[in-house]
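# Per-entry structural report
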Amino acid sequence: MRLEDQKRIVVKIGSATLVDQATGRLRAAWLQTLIDDIAMLKEQGKEVIIVSSGAIALGRRKTELPPGKLRLEESQAAAAIGQIALGEAYSDALHKVDLTAGQVLLTLSDTEERRRYLNARATLTTLLKLGAVPIINENDTVATSEIKFGDNDRLAARVATMISADCLILLSDIDGLYTAPPLDNPDAKHIPVIEQITHDIEAMAGSAGSSLAKGGMTTKIAAAKIAVNAGTAMIIADGSDYNPLNAIMKGAKHSWFVPNSTPIKQRKRWINGHLEPHGTLMLDKGAVNALLSGKSLLPAGVKKLGGDFAKGDAVIITDLDGEEIARGLIGYDRSEADQIMGCKSTLIPDILGYDGRPELVHRDDMVLSGSDHVDH
């Protein structure tokens with residue numbers, strides 16, 4: 001596997017990589033080389049999303065908070081201060097290479113509740129279409145201990161699966177997975193490719209490393225399990241040197257975790273086999289043919305609705321005879337769908353009073369029944 005072959009890439013940056021541990025200052029020169037690498041990837045036609053730690057580390061430097069572990073409210077306050085500095089740093093670095101940053105703050109519930117999941121996915125997808133580089137962090141200012149991701153490795157994995165990324169890169173202070181923690185065991189061997197995450201692989205993970213980082217190899221393996229099970233490849237690489245992504249492409253040591261399938265296939269299997277349908281949509285022949293040709297479902301082709309569904313729920317899509325054609329995630333509540341079914345998408349703003357999505361069910365949120373149909 002090669003990074004050059006991946007189209008949609010999520011890059012996660014740890015606090016210890018972004019912030020100098022001795023001074024608590026942002027490694028601005030290093031950050032600019034990372035952004036230079038991202039500009040290079042975008043010139044190659046790739047889409048890049050950044051998941052960045054560092055807000056709390058930067059924020060506490062600007063305060064008189066004591067050293068050591070912070071209480072939850074202290075972490076939230078530090079994050080509120082540091083998030084501004086972090087966002088400005090990324091915006092300035094991207095501006096120097098003629099790119100635009102888009103900040104997105106997420107909590108765990110944003111990736112688990114389907115309505116919020118769809119909204120977050122749509123926002124990120126739109127940012128990518130606009131050519132922007134989304135900068136994502138956990139919303140530490142409001143997250144509580146019960147809903148926090150706990151580390152940005154798993155946040156990055158959730159984001160990667162949410163937007164069907166081809167590859168997730170964890171830039172850290174270690175160049176991959178070893179048979180044992182290399183700092184403690186000089187005989188530890190580097191593992192370049194992990195085909196399957198077994199119990200033995202999980203046992204190789206050590207504890208958290210630096211004082212700035214919440215996660216160690218254990219959380220990276222947990223992130224890898226989330227990613228590969230959703231069809232996303234994952235890389236663990238040392239991000240401490242300049243131009244870390246270019247270094248990976250030039251052969252710098254790293255570890256690849258091989259996905260079980262592709263992101264689109266895994267997502268559609270999840271829709272088809274793991275979600276309970278909450279409604280039905282009956283289509284005319286023209287809409288059925290459009291779906292079979294790989295298009296999204298527009299309101300104009302819907303003749304009848306059934307069930308009590310909310311935005312983000314799974315629905316069954318049938319023809320006029322009731323034969324199941326597909327399953328998907330609905331983009332509107334039942335009350336709204338009742339108003340716009342049979343209408344052209346251009347009329348949605350007039351009918352609903354806001355400029356909603358043109359599709360009732362987007363093709364990326366739909367799987368045709370009785371097939372393993374995939375469209376990208």
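The shown structure was predicted, so the numbers you read here are calculated from the model rather than taken from an experiment.

Rules behind the numbers
Residues numbered from 1 in each chain as written. Predicted model: local features only at pLDDT ≥ 70, side-chain atom pairs only at ≥ 80, totals over all residues. Heavy atoms only, no water. 1 Å grid on protein atoms, 1.4 Å probe; cavity = no way out; pocket = protein on both sides within 12 Å on 5 of 7 lines; lining within 4 Å. Points joined across faces, edges and corners; volume = space filled by probe spheres on them. Nonpolar A, V, L, I, M, F, W, Y, C, P; charged D, E, K, R; others polar. Pairing = 2+ DSSP bridges. Helix = DSSP H or I, 4+ residues; strand = E, 2+ residues; numbered from the N terminus. Contact = heavy atoms within 4.5 Å. Axes fitted to C-alpha atoms, helices over the stretch in contact; angles between N-to-C directions. Buried < 20%, exposed > 50% of the residue type's maximum accessible area, 1.4 Å probe, protein only. Core = buried A, V, L, I, M, F, W, Y, C linked by side-chain atoms within 4.5 Å. Expected span 1.5 Å × (residues − 1). pLDDT = per-residue confidence, 0-100.

### Some thoughts on the layout of surface pockets
As a volume, the second largest pocket reaches approximately 640 Å³. Surrounding the second largest pocket, 27 residues form its lining, Arg121, Thr125, Lys129, His362 and Asp364 being those nearest its centre. Residues of the lining of the second largest pocket, tallied by class, amount to ten nonpolar, six polar and eleven charged.

### A word on the sheet that holds strand 1 (residues 8-13)
Taken together, the eight strands give an open sheet; going across it, the order is 3-4-2-1-5-9-10-8, and neighbouring strands pair in mixed fashion. Both edges of this open sheet fall to strand 3 (101-106) and strand 8 (193-194), since each of them pairs with a single strand only. Relative to strand 4 (residues 133-138), strand 2 (residues 47-52) runs parallel, the two being bridged by two bridges. When the bridges of strand 4 are listed, Ile50 appears paired with Ile135. Along the sheet, helix 2 (residues 28-43) contacts strand 1, strand 2, strand 4 and strand 5 (167-172); its crossing angle with strand 2, the most-contacted strand, is approximately 155 degrees. Along the sheet, helix 9 (residues 217-229) makes contact with strand 5, strand 9 (233-238) and strand 10 (254-257), crossing strand 9 at roughly 155 degrees.

### So, the environment of Met162
Position of Met162 relative to the elements: it lies in helix 7 (residues 152-162). In this structure Met162 comes out as buried when scored by relative accessible area, which is 0%. Sequence spacing of Met162 and Ser53 is 109 residues, and the spatial spacing of their C-alpha atoms is 19 Å. Setting aside residues no more than four positions away along its own chain, Met162 makes contact with Asp110, Thr111, Tyr117, Ala120, Arg121 and Leu124.

### Digging into the nonpolar core
Counting residues in hydrophobic clusters, the biggest one holds 48 residues, and the most contacted among them are Val159, Leu168, Leu177, Met234 and Phe257. Secondary-structure elements contributing two or more residues to this core are strand 2, strand 3, helix 6 (114-129), helix 7, strand 5, strand 6 (177-178), helix 9 and strand 9. With 36 residues, the next largest nonpolar core counts Leu18, Ala57, Leu86 and Ile248 among its residues.

### So, helix 6
Under the 1.5 Å per step criterion, the end-to-end length of helix 6 is 22 Å for 16 residues, consistent within 8% with the ideal 22 Å. Of all the residues in helix 6, the buried ones are Tyr117, Leu118, Ala120, Arg121, Leu124, Thr125, Leu127 and Leu128. Positive backbone phi, at 85 degrees, marks Gly131, one or two positions downstream of helix 6.

### Quick look at the confidence of the model for the protein
In the predicted model, the protein carries a mean pLDDT of 88, and the fraction of residues at 70 or more is 91%. Per-element confidence in the protein is highest for helix 2, whose mean pLDDT is 98, and lowest for helix 11 (residues 263-274), whose mean pLDDT is 70. Low pLDDT, under 50, characterises residues 207-215; the stretch is placed with 24 contacts to residues that sit more than four places away or in other chains. Overall, residues 372-376 carries pLDDT values under 50, and its contacts beyond four positions in sequence, including any with other chains, amount to 15 contacts.

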